[in-house]
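Topology and contacts: notes
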Amino acid sequence: MEHRSFNDPSAATFSLTDEDHTLANSVRFTLNQDPRVAFCGYSIPHPSEARVNIRVQTTGDPANEVLKDACQDLMLMCQHVRSTFDKSVVDFKMSQPVDAMNIKE
């Protein structure tokens, strides 16, 4: 859910349900890497409530577009980490001698 002023599309607060610090901090980090972002922060209204509020203020671009771009960048980062990990696992398994793999016939 987006809470923003109709007069200023460059500032908005986004409320994400069923989320916690894990996603909020990752999104905040990604947003802060964007030069279009003037301010970004998040809060959790109450510890027992699974909701995160992310505040975005930009230098002029619409805040919702900047948030979408940040989420896409975060997805690309996660895909890169996953593919790098998978490749490293394959490389490790290929570098081990067959006898050490405990393969039973």
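Residues numbered from 1 in each chain as written. Predicted model: local features only at pLDDT ≥ 70, side-chain atom pairs only at ≥ 80, totals over all residues. Heavy atoms only, no water.

Considering the overall build of the protein chain
Here is the rule we go by: By definition, any uninterrupted DSSP run of H or I lasting at least four residues is a helix, any uninterrupted run of E lasting at least two residues is a strand, and each is numbered from the N terminus. Exposed residues in this analysis have more than 50% of their type's maximum accessible area, buried residues have under 20%, and partly exposed residues fall in between, with area computed by a 1.4 Å probe over protein chains only. All accessible areas in this document rest on Shrake-Rupley with a 1.4 Å probe, and a residue is counted as covered only by the protein chains that are shown.
Secondary structure assignment for the protein chain yields two helices and four strands. Each of the 105 residues in the protein chain was classed as buried or not, and the buried ones make up 23%. For the protein chain, the accessible surface area stands at approximately 7,600 Å², while carbon and sulfur atoms represent 56% of it.

Looking at the confidence of the model for the protein chain
Cut-off, in case you're wondering: By definition, pLDDT measures how confident the predictor is in each residue, and it falls between 0 and 100.
With 88% of its residues at a pLDDT of 70 or more, the protein chain has an overall mean of 90. Taking the mean pLDDT of every element in the protein chain, the minimum, 65, falls on strand β1 (residues 2-4) and the maximum, 96, on strand β3 (residues 37-43).

Overview of helix α2 (residues 63-95)
The test is simple: The span expected for a helix works out to 1.5 Å for each residue beyond the first. Contact between two residues is taken to exist if any of their heavy atoms lie within 4.5 Å; hydrogens are not considered.
With 33 residues, α2 should reach 48 Å at 1.5 Å per residue; the first-to-last C-alpha distance of 48 Å fits that figure. At its buried positions, α2 is contacted by β2 (11-17), α1 (21-32), β3 and β4 (51-58).

Quick look at the nonpolar core
Selection criterion: Among buried residues, the Ala, Val, Leu, Ile, Met, Phe, Trp, Tyr and Cys ones that are joined through side-chain atoms within 4.5 Å form a nonpolar core.
Among the nonpolar cores identified, the biggest contains 15 residues, and F14, V27, L31, I54 and V56 are the most heavily contacted of them. At the level of secondary structure, the elements contributing two or more residues to this core comprise β2, α1, β3, β4 and α2. Take this core: its biggest share by element is five residues, from α2.

Considering the packing of α1 against α2
Put simply, the rule is: Whenever a helix is involved, its axis is fitted only over the stretch in contact; in every case the axis is a line through C-alpha atoms, and angles between N-to-C directions fall within 0 to 180 degrees. Convention used here: angles under 35 degrees read as roughly parallel, angles over 145 as roughly antiparallel, angles from 65 to 115 as roughly perpendicular, and any remaining angle as oblique. Each residue gets one of three labels, nonpolar for Ala, Val, Leu, Ile, Met, Phe, Trp, Tyr, Cys and Pro, charged for Asp, Glu, Lys and Arg, and polar for the others, Gly among them.
Taken N-terminus to C-terminus, the directions of α1 and α2 make an angle of 105°; their axes are 9 Å apart at the nearest point. The angle between the axes of α1 and α2 places the two elements in the roughly perpendicular class. Taking contact as the criterion, the partners of L23, S26, V27, T30 and L31 in α1 are, on α2, V66, L67, A70, D73, L74 and M77. In terms of residue class, the contact of α1 with α2 is built from eight nonpolar, two polar and one charged.

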